[in-house]
Amino acid sequence: MTSYATPPISPFLLTLDASNATLEPQGSTLVRRMSDLGGLFADVPAWERAVADGDPIVYTVVSSPVPEIPRELPQSVTTIHPGTIGGEFWMTKGHQHPDPQGEIYLGLGGCGGLLLFDGERTEWLEITPGVVGYIPPGWAHRSVNIGDEPYRFLAVYPGSAGHDYGWVLKHGMGLRARKSDSQVELVPFTPTELG
Ligand code: M6P
Ligand code: ZN
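About the thresholds
Residues numbered from 1 in each chain as written. Chains lettered and ligands numbered in written order. Predicted model: local features only at pLDDT ≥ 70, side-chain atom pairs only at ≥ 80, totals over all residues. Heavy atoms only, no water. Helix = DSSP H or I, 4+ residues; strand = E, 2+ residues; numbered from the N terminus. Rg over C-alpha atoms; globule rule 2.2 N^0.38 Å. Areas by Shrake-Rupley, 256 points an atom, 1.4 Å probe, with all protein chains shown as cover. Lys, Arg positive; Asp, Glu negative; His and termini not counted. Charge placed at Lys NZ, Arg CZ, Asp CG, Glu CD. Buried < 20%, exposed > 50% of the residue type's maximum accessible area, 1.4 Å probe, protein only. Arc of directions from axis to C-beta. Polar contact = N/O pair within 3.5 Å; in protein donor to acceptor, adjacent residues only side chain to side chain. Salt bridge = Lys/Arg side-chain N within 4 Å of Asp/Glu carboxyl O. Near = heavy atom within 4 Å. Nonpolar A, V, L, I, M, F, W, Y, C, P; charged D, E, K, R; others polar.

J.: When you look at the overall build of the chain in this model, what are you seeing that I'm missing?
T.: Along its length, the chain carries two helices and 15 strands. Relative to a compact globule of 195 residues, whose C-alpha radius of gyration would be 16 Å, the chain shows 17 Å and is just as compact. Seen through its C-alpha atoms, the chain measures out along the principal axes to roughly 55 × 35 × 30 Å. Total accessible area on the chain is roughly 9,800 Å²; 54% of this is exposed by carbon and sulfur atoms. Charge separation in the chain, taken as the distance between the mean sites of 12 positive and 22 negative side-chain charges, equals 3 Å.

J.: Would you explain helix 1 (residues 44-52) in this entry?
T.: Along an α-helix, residues three or four apart share an orientation, since each turn contains 3.6 residues. Among all positions in helix 1, only A46, W47 and A50 are buried. End-on, the buried residues of helix 1 take up no more than an arc of 100°, which puts them together on one face. The exposed residues of helix 1 that point more than 90 degrees off its buried face are R49 and A52. Regarding helix 1, its N-cap is D43, as a side-chain oxygen of that residue lies 3.1 Å from the backbone nitrogen of A46 further along. G54 sits one or two positions beyond helix 1 and adopts a positive phi of about 100°.

J.: Is there a simple way to think about the pattern of salt bridges in this case?
T.: Pairing between side chains of opposite charge can happen when the charged atoms of each approach one another. Counting across every chain of the model gives four salt bridges. Note that R176 is salt-bridged to E88, the shortest N-O span being 2.7 Å. Pair noted here: R176 is in strand 14 (residues 175-180) and E88 is in strand 7 (residues 88-89), with a separation of 88 residues, a long-range link. Of the two residues, R176 and E88, neither departs from the other in class, the shared state being buried.

J.: Please explain the site of ligand 1 as it appears in this structure.
T.: Taken together, 16 residues form the shell around ligand 1, and within it Y59, T78, E103, H163 and Y165 come nearest. Between ligand 1 and H163, the relevant distance is 2.7 Å, taken from an oxygen atom to a side-chain nitrogen or oxygen of the residue. For ligand 1, the protein covers 97% of the area, taking 370 Å² as the surface of the free molecule. Elements that contribute at least two residues to the shell around ligand 1 include exactly strand 4 (57-63), strand 5 (75-80), strand 8 (103-109) and strand 13 (151-156). Split into classes, the residues belonging to the shell around ligand 1 amount to seven nonpolar, six polar and three charged.

Below, the structure is given as structure tokens:
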């Protein structure tokens, strides 16, 4: 048998209820409210009004019990609720992996966009139930709900990958996803938005 510095967890079955976004067994749950998304939407006054007006839950991330440590392969189900701020679709904070590793997203419900940015190039992939989006190493990633119902997806990623949110605040994500006549309009970040 291989010997490890940190012993892997034991094999187990994970039951996924896609319509309710529950996992059994279930680990931790992360709740992100509008106030957690400071500095991310272009329309700051509209974001401030939303925070003052009930500070709604924008998305939740339910994780399996697999820990975020090297060699493990954690999974989570994210649910982004529908909405816009100043015309920009509700979205995740977005992050870069400090340890450049790939990740996959499997659409479970609703309709979403996967925005990818490597510092120079941007990609926009639309994710519907049954579709897998592949995030290659080195690409920061953000998910966007572009529909009128909750957008849910399963993420599977290496436990050593980590989450660098400062990278996105500094570099942006290349594009913003806006609602325009029930369509998605992708608009570039302006240079003045970036610190
Ligand atoms: C997916 C995965 C998670 C991530 C979550 C929310 O479930 O990529 O690792 O935490 O989306 O995204 P963020 O961390 O950018 O808020
Ligand atoms: Zn990631």
